[in-house]
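Structural description and commentary
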2 protein chains.
Amino acid sequence: MTVSDPQPSAPAEGLRARRRRQTRAELHAATVRLAREHGFAQVTVEMISKEVGVSPRTFFNYFPSKEAALFALFGTVPPALADRFAEGEGSGTDAVLRDLGDILADHLQEAAPEPQELEDSLRIAEGVPSVLATFLAQCEAVERDLAGLIARRTGTPPDGEAAELLAGVAMATVRSGIKRWHQSGAHADEGEGPAERVRESFDSLRTLLGPAAVQ
Amino acid sequence: MTVSDPQPSAPAEGLRARRRRQTRAELHAATVRLAREHGFAQVTVEMISKEVGVSPRTFFNYFPSKEAALFALFGTVPPALADRFAEGEGSGTDAVLRDLGDILADHLQEAAPEPQELEDSLRIAEGVPSVLATFLAQCEAVERDLAGLIARRTGTPPDGEAAELLAGVAMATVRSGIKRWHQSGAHADEGEGPAERVRESFDSLRTLLGPAAVQ
DNA sequence: CGCAAGGTTTGCACGCTGTGCAAGAATCAC
DNA sequence: GTGATTCTTGCACAGCGTGCAAACCTTGCG
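Model, not experiment: these values are computed from the prediction.

**Here we look at the overall build of chain A**
Looking only at helices and strands, chain A features ten helices and zero strands. Reading the helices (α) and strands (β) of chain A from amino to carboxyl end gives α-α-α-α-α-α-α-α-α-α. For chain A, the proportion of contacts with a sequence separation of at least 24, taken over those separated by at least 6, is 64%.

**Some thoughts on the interface of chain B and chain A**
In this complex, chain B contributes 30 residues to the contact, which on the side of chain A involves 30 residues. Among the elements of the structure, α6 (93-111), α8 (129-154), α9 (161-183) and α10 (194-209) of chain B are those that each provide at least two residues to the side of chain B that touches chain A. Here the element with the most residues in the side of chain B that touches chain A is α9 of chain B; it accounts for eleven residues. Taken together, the residues that form the side of chain B that touches chain A break down as 15 nonpolar, nine polar and six charged.

**Describing the protein's contact with DNA strand D**
Around DNA strand D lies a shell of 19 residues, among which V54, S55 and T58 of chain A together with G14 and S65 of chain B are the nearest. Mapped onto the surface near DNA strand D, the elements with two or more residues apiece are α1 (15-38) and α3 (56-62) of chain A together with α1 (15-38), α2 (45-52) and α3 (56-62) of chain B. A per-class count over the surface near DNA strand D returns five nonpolar, seven polar and seven charged.

**Some details on the relation of the copies chain B and chain A**
With an RMSD of 0.0 Å, the fit of chain B onto chain A corresponds to turning through 180 degrees and sliding 0.0 Å along the axis. What the rotation and shift describe, once combined, is the action of a two-fold rotation axis. Looking at the interface residues of chain B, 100% of them are also at the interface in chain A, so both copies use one shared face.

**Points about the protein's contact with DNA strand C**
Not every one of the 19 residues close to DNA strand C is listed here, only the nearest: G14, L15 and S65 of chain A together with V54 and S55 of chain B. At the level of secondary structure, the elements contributing two or more residues to the surface near DNA strand C comprise α1, α2 (45-52) and α3 of chain A together with α1 and α3 of chain B. The residue makeup of the surface near DNA strand C, split by class, is five nonpolar, seven polar and seven charged.

**A short note on the domain arrangement of chain A**
All names here are of chain A. As far as domains go, chain A holds domain 1 (13-65) and domain 2 (79-209). Here domain 1 and domain 2 have C-alpha centroids that lie 26 Å from each other. With four residues of domain 1 at the contact, the number on the domain 2 side is six residues. Each residue belonging to the side of domain 1 that touches domain 2 can be placed in one class, and the counts come to three nonpolar, no polar and one charged.

**What to know about the UniProt feature "DNA-binding region" (unreviewed entry) in chain A**
Under the local residue numbering, the UniProt record ascribes the feature "DNA-binding region" (unreviewed entry) to residues 44-63 of chain A. Secondary structure content for residues 44-63 of chain A is 75% helix and 0% strand, while the C-alpha to C-alpha distance between its ends is 14 Å.

**Things to note about the nonpolar core**
Counting 109 residues, the largest nonpolar core has I150, L166 and A170 of chain A together with I150, L166 and A170 of chain B as its most contacted members. Non-local contacts of L166 of chain A, meaning those with residues more than four positions away in its chain, are made with T93, V96, L97 and I150 of chain A.

**Notes on the UniProt feature "domain: HTH tetR-type" (unreviewed entry) in chain A**
As annotated in UniProt, the feature "domain: HTH tetR-type" (unreviewed entry) corresponds to residues 21-81 of chain A in the numbering used here. The span residues 21-81 of chain A is 67% helical and 0% strand by assignment, and the distance between its end C-alpha atoms comes to 21 Å.

**Describing the packing of helix α6 (residues 93-111) of chain A against helix α10 (residues 194-209) of chain A**
Residue and element names in this part refer to chain A. Put simply, α6 and α10 touch, their axes get as near as 8 Å, and they point 165 degrees apart. As the angle between them shows, α6 and α10 are arranged roughly antiparallel. When you trace α6 past α10, the crossing you get is right-handed. Across the interface between the two elements, L97, G101, L104, A105, L108 and Q109 of α6 pack against P194, A195, V198, R199, F202 and L205 of α10. A per-class count over the contact of α6 with α10 returns nine nonpolar, two polar and one charged.

Thresholds, definitions, all that
Sequence order sets the numbering: in each chain, residues are counted from 1 along the sequence as written. Here the convention is simple: chains get letters from A, ligands get numbers from 1, in the order in which they are written. Where totals are concerned, whole chains, interfaces and linings use all residues; where local detail is concerned, this predicted model gives features only for residues with pLDDT of at least 70, and gives and counts side-chain atom pairs only at 80 or more. Note on conventions: DSSP H or I runs of at least 4 residues are helices, E runs of at least 2 residues are strands, and numbering of each starts at the N terminus. Once C-beta atoms have been placed from the backbone, residue pairs whose C-beta atoms lie within 7 Å are recorded as contacts. The residue classification treats Ala, Val, Leu, Ile, Met, Phe, Trp, Tyr, Cys and Pro as nonpolar and Asp, Glu, Lys and Arg as charged. All others, Gly included, are polar. Residues are classed as near a molecule or strand if the C-beta position derived from their backbone is within 6 Å of it. We place the copies in one frame by least squares, fitting the C-alpha atoms of every residue whose pLDDT is at least 70 in both. All the domain ranges listed were derived from an automatic or database domain assignment. UniProt positions are given in the numbering used here, feature names are shortened, and annotations may be inferred rather than shown by experiment. Note on definitions: a nonpolar core is a set of buried residues drawn from Ala, Val, Leu, Ile, Met, Phe, Trp, Tyr and Cys, linked by C-beta atoms within 7 Å. Partly exposed residues are those falling between the two cut-offs: more than 12 but fewer than 20 other C-beta atoms within 10 Å of their own, whereas 20 or more means buried and 12 or fewer means exposed, with C-beta atoms placed from the backbone. For helices, the fitted line uses only the C-alpha atoms of the stretch in contact; every axis is such a line through C-alpha atoms, and the angle between N-to-C directions lies from 0 to 180 degrees. In these notes the angle categories are as follows: under 35 degrees is roughly parallel, over 145 is roughly antiparallel, 65 to 115 is roughly perpendicular, and the rest is oblique. Put simply, a crossing is left-handed when the front helix is turned counterclockwise from the back one by less than a right angle, and right-handed when it is turned clockwise.

Okay, structure coming up:
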């Protein structure tokens, strides 16, 4: 092993952190794969952990439930994107929604490198209520993040109503985009990823809320 | 017991259906009360069913989980309201959102006769992820309903993008209204119920999306 | 009324989830 | 190298949620 830093000025991710990230990713991948092959209900934590080579007890050190392991994507909005948005120009509904669409699509593109896994997870969510509920809870967590960012950008209080509403509208749009991507063949033709669909949904939203809507 | 029908032209609700509804309501009420007093995690299905006087096994004939028993409100949109909306005038975003706000506030007013229970359930949801997830899942179920209604009203396909987006926006607004009602003293002063707050949130949404927003 | 049909409750058994705890192993900082 | 910190693991255990079959109760009908 060379002693040189992998990347100068990096947070110096130790061996510990690296292994932890990897184990987490493997548990997630194994959960999705096994659930696709045998059905979510048939998969037990014991199977998953055996597949990865850890003890069942360890599984729960990484995820609070089987459901949570399915949707390991979509964590907190990374600081880089958050800053990019918060420091953007314009406090109007238009500008804010446009920029939200941008960073959310980017976030999705980064956080979900493997569309096949997202596709599988979504199909499972359709049939298993508890999985759908977990997905929605993760979306809501992102929504909270967004509300804070919007407040930061517009200079309004972090629990303001406008920020809350806009965050809700944005996440509803994201969910719609993901849903539509999932419903239309999705992974069959590699043409479009979920991120592109989300962008399209934000365009549709724009049209829907445009001046024409005021009749 | 008189043999006269309670209400002429009613579906003649039998003894069976009546008892079933009552048991369901009692299980819900007991769950909320026990969770408020002892904390959700400390309450077991055994306690709840003992409280109501049924077997633990029977509890699961009514609710699929402890969490689901907390939010027995907010079922499907009743046909009367659904028809009122679907047959309303105007296909524009404005008109649709306004009418959605109306029927959803009405629905909330009918479906949640006891604000104290809603208040308690929401506080519990703040601290227990699985309860929050269940709440969100129920909101999403309503959202699906709404999308269908919107499609019916505007003559678009039931899985159209515009209907989906509008339904998402509407439910985000409802959630925001409920949240704000819950956060501001809520039940302390009887002045405002959740339904009024939801109406206010729809007003805020209107302002937010109004012509001014287009800058 | 008497009786058959269908729905509801209940007990029983069972596998699985999810958590607290304490001992041991691996990594880190110095 | 050495101690401190973090992570893994086994163990035990309460509780969840479900399938099944027997008992029970409503309902409708002759």
